[in-house]
Amino acid sequence: MNKEPSRRNFIKKTAIAGTAALVLPTIIPASAFGANDRINAAVLGINGRGKSHIQGFMAQKDVQVTTLCDPDMNLLTAGKKTFKEKYNMDVALEQDLRKVFDNKDIDVVSLATPNHWHALATIWACQAGKDVYVEKPGSHNISEGRKMIEAAAKYDRIVQHGVQLRSSPAVQQAIKLMREGYIGRVYMARGLVFRMRGDIGDKGVSPVPEGLDYDLWTGPAPKRPFTRNLVHYNWHWNWDYGNGDVGNQGIHETDLCMWGLDVGFPTKITSMGGKFLWDDSKEVPEVLTSIYNYPEENKIIQFEVRPWYTNSEGGASVGNIFYGDKGYLVVDGYDKFQTFLGEKGTPGISGDDGAAASSGMDRGAGGTDGHFANFIDAVRKHDKSILNGPVETAHLASGLAHLGNISYRLGRVLDFDPKSETFVNDPEADKMLTRDYRPGFEVPDQV
């Protein structure tokens, strides 16, 4: 493995070593580093999306994953073997993410941990001077998202949210068309998450597996007796750790709903659903319908989560539909769209990333690799203004899902004040804007 230091650490070490001579240049030219102007990356959480993060980093020029981090040593051991086979190089292993943040040779980190870790890990990374790529949802609750924004600003860090469709040339084209009035005045967005989520059963309580640091896995969340109902994937369906599918797959779509309508948080929210199919250990609803109303802007978002056999809508089962007074636009998945105009739904302009790439437009953009390319570009330039998915999108897209979940859990319509980010005269709902944290894993009031 290449042991050359990253440019950032070379500058730091040279500055310290050279103070006695007092002959340091103000700027060390980039040409002095040549091909070794490398960004060292660590991937935290390697069971699911972390695999794509490794690939996303390794696809970038002069970027190298030097560390894999996960509380489960069994995953790390297997991950090291796979990394060696694929890239013909070794990689360091670490169970404790705090040691990763302390490592001065690591420049950037990506977070593919369970949801309940995203915000605190982002804040700690910013405080340690790391730039961050954080998987969706950025936060586990609304107050965390605001703290992430504050941390990125205070420590001047680059923080990219893992909503890779924002790096899709086709989706960017769709947004441009709507901004230009192609389907008229856009008044409604509909988010669709129709994924096959089956019966997960109930595996009961069992001993903690050897090699898993369950205390670290639990982190900020309440520490329940160990169960395979949670580790490693089905935590998504438990409130202490996940946010249901609206806060999982759905973050891509909540983000696009808000982006397409050009709105922030709504002022009125209602959500209904439940478990209608299986008597298993999931706590979150299998079916969920959420409405986010913007009466002041005369716009509305509808969001549907369905878990099993169902029809598609406009050809999409995971995606978005935007309605205007001249037609509608369907975004199917992450990288293609179609428009339909007038009363008869006449097909209009369509686009996909494959066609964009073949035409030479924004080659390398789109998908996870393209989103990482955008992140690395912003890191090299230290320019958060060029991020496709800045930290603010993590707060808003995740926050919209959280608002719907709170309405569902309380069973009533909620009024929300976007300026204060609190509910209107509703202390019970306000309590659900944050959580009680375990000692040592608190999201700080002052970042």
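Since the model is a prediction, treat every value here as computed from it, not as a measurement.

**Considering the overall build of the protein**
Okay, step 1: If you tally the helices and strands in the protein, you get 13 helices and 16 strands.
Okay, step 2: A buried classification covers 54% of the 447 residues belonging to the protein.
Okay, step 3: Sequence-distant contacts in the protein: of pairs separated by 6 or more residues, those separated by 24 or more amount to 70%.
Okay, step 4: Element-wise, carbon and sulfur atoms account for 52% of the exposed surface of the protein, whose accessible area totals about 19200 Å².

**Description of empty space enclosed by the protein**
Okay, step 1: Evaluation of the coordinates by the stated rule reveals two cavities of 30 Å³ or more.
Okay, step 2: If you add up the space inside the largest cavity, you get close to 90 Å³.
Okay, step 3: Considering the residues around the largest cavity, the lining is formed by Arg 197, Trp 237, Gly 244, Asp 245, Lys 282, Val 284, Pro 285, Glu 286, Val 305 and Pro 307.
Okay, step 4: Per-class residue counts for the lining of the largest cavity are five nonpolar, one polar and four charged.
Okay, step 5: Considered as a void within the structure, the second largest cavity measures approximately 40 Å³ in volume.
Okay, step 6: Forming the walls of the second largest cavity are Asn 243, Gly 244, Asp 245, Val 246, Pro 285, Glu 286, Leu 288, Val 305 and Asn 405.

**Some details on the sheet that holds strand 1 (residues 39–44)**
Paired through their backbone hydrogen bonds, the strands of a sheet run either parallel or antiparallel.
Okay, step 1: Strand order in this open sheet of six strands is 3-2-1-4-5-6, and the pairing throughout is parallel. The sheet is open, and its two edges are formed by strand 3 (92–94) and strand 6 (159–161), each paired on a single side. With direction set aside, neighbouring strand axes in the sheet form an average angle of 25 degrees.
Okay, step 2: In this structure, strand 4 (residues 108–111) lies alongside strand 5 (residues 131–134), joined through four bridges in parallel fashion. Within strand 5, the residue paired with Val 108 across the bridge is Asp 131.
Okay, step 3: Set on the sheet, helix 5 (residues 115–127) makes contact with strand 4, strand 5 and strand 6; between it and strand 5 the angle comes to about 165 degrees.
Okay, step 4: Helix 11 (residues 367–381) contacts strand 1, strand 2 (63–69), strand 4, strand 5 and strand 6 of the sheet and is inclined by roughly 165 degrees relative to strand 5.

**So, the layout of surface pockets**
Okay, step 1: Of the voids in this model, the largest pocket is the one considered here, and its volume is about 580 Å³.
Okay, step 2: Lining the largest pocket are 34 residues, with Arg 49, Ala 112, Thr 113, Pro 114 and Trp 235 positioned closest to its centre.
Okay, step 3: Listing elements by their share of the lining of the largest pocket, those giving two or more residues are helix 5 and helix 8 (214–218).
Okay, step 4: With three residues, the single largest contributor to the lining of the largest pocket is helix 5.
Okay, step 5: Considering only residue class, the lining of the largest pocket consists of 15 nonpolar, 13 polar and six charged.
Okay, step 6: By volume, the second largest pocket is sized at about 370 Å³.
Okay, step 7: Lining the second largest pocket are 16 residues, and of these His 140, Arg 409, Met 432, Thr 434 and Arg 435 sit closest to its centre.
Okay, step 8: Along the lines of polarity and charge, the residues of the lining of the second largest pocket split into four nonpolar, seven polar and five charged.

**Examining the packing of helix 5 against helix 6 (residues 142–154)**
Okay, step 1: With their axes 9 Å apart at the nearest point, helix 5 and helix 6 run at an angle of 10 degrees to one another. Judged by the angle between their axes, helix 5 and helix 6 are roughly parallel. Crossing geometry of helix 5 relative to helix 6 is assigned as left-handed. Taking contact as the criterion, the partners of Ala 119, Thr 122, Ile 123 and Cys 126 in helix 5 are, on helix 6, Glu 144, Lys 147, Met 148, Ala 151 and Ala 152.

**Some points on the environment of Val 284**
Okay, step 1: With respect to the helices and strands, Val 284 occurs in the loop between strand 8 (268–274) and strand 9 (287–294).
Okay, step 2: As for Val 284 and Asp 245, which are separated by 39 residues in sequence, their C-alpha atoms are 8.5 Å apart.
Okay, step 3: Not counting chain neighbours up to four residues away, the residues in contact with Val 284 comprise His 236, Trp 237, Asn 238, Trp 239, Gly 244 and Lys 275.

**Examining the side chain of His 118**
Okay, step 1: Within the fold, His 118 resides in helix 5.
Okay, step 2: A residue is classified by how much of its surface remains accessible, and His 118, at 0% relative accessible area, is buried.
Okay, step 3: Among the polar contacts made by the side chain of His 118, one reaches the main-chain carbonyl oxygen of Thr 113 at a distance of 2.7 Å.
Okay, step 4: Here Glu 135 takes part through its backbone oxygen, which lies 3.2 Å from a polar atom of the side chain of His 118.

**Considerations on helix 11**
Okay, step 1: Here helix 11 contains 15 residues, and its C-alpha end-to-end distance of 21 Å stays within 8% of the 21 Å for a straight helix at 1.5 Å per residue.
Okay, step 2: Burial in helix 11 covers these residues: Thr 368, Gly 370, His 371, Phe 372, Asn 374, Phe 375, Ile 376, Ala 378 and Val 379.

Thresholds, definitions, all that
- Residue numbers restart at each chain and count upward from 1, following the sequence in its written direction.
- Local features are withheld for residues below a pLDDT of 70 in this predicted model, meaning they are given only at 70 or higher, and side-chain atom pairs are given and counted only at 80 or more; totals for whole chains, interfaces and linings count all residues.
- Neither water nor hydrogens contribute to the side-chain values; these are computed over all heavy atoms in the structure.
- Secondary structure elements follow DSSP: runs of H or I of four or more residues count as helices, runs of E of two or more count as strands, with numbering from the N terminus.
- Using a 1.4 Å probe on the protein chains alone, a residue whose accessible area is under 20% of its type maximum counts as buried, one over 50% counts as exposed, and one in between counts as partly exposed.
- Contacts are assigned to residue pairs that have any heavy atoms within 4.5 Å of one another.
- The Shrake-Rupley method, run with a 1.4 Å probe, gives the accessible areas here. Residue values count only the displayed protein chains as cover.
- Note on definitions: the grid is 1 Å and covers protein atoms alone; a cavity is a set of points where a 1.4 Å probe fits but cannot get out; a pocket is an open set with protein on both sides within 12 Å along at least five of seven lines; lining residues have an atom within 4 Å of a point.
- Grid points are joined across faces, edges and corners, and a volume is the space filled by probe spheres set on the points.
- Under this grouping Gly is polar, as are all residues other than the nonpolar Ala, Val, Leu, Ile, Met, Phe, Trp, Tyr, Cys and Pro and the charged Asp, Glu, Lys and Arg.
- Paired strands, as defined in this entry, are two strands with at least two bridges between them according to DSSP.
- Angles run from 0 to 180 degrees between N-to-C directions of axes, and those axes are lines fitted to C-alpha atoms, restricted for helices to the stretch in contact.
- Roughly parallel covers angles under 35 degrees, roughly antiparallel covers those over 145, roughly perpendicular covers 65 to 115, and oblique covers all other angles.
- What makes a crossing left-handed is the near helix being turned counterclockwise from the far one by less than a right angle; a clockwise turn instead makes it right-handed.
- Pairing of N or O atoms within 3.5 Å defines a polar contact, subject to two protein rules: one partner must be a possible hydrogen donor and the other a possible acceptor, and residues neighboring in sequence count only if both atoms are side-chain atoms.
- Multiply 1.5 Å by the residue count of a helix minus one, and that product is the helix's expected span.

Don't take any of this as a statement about function, it's just geometry.
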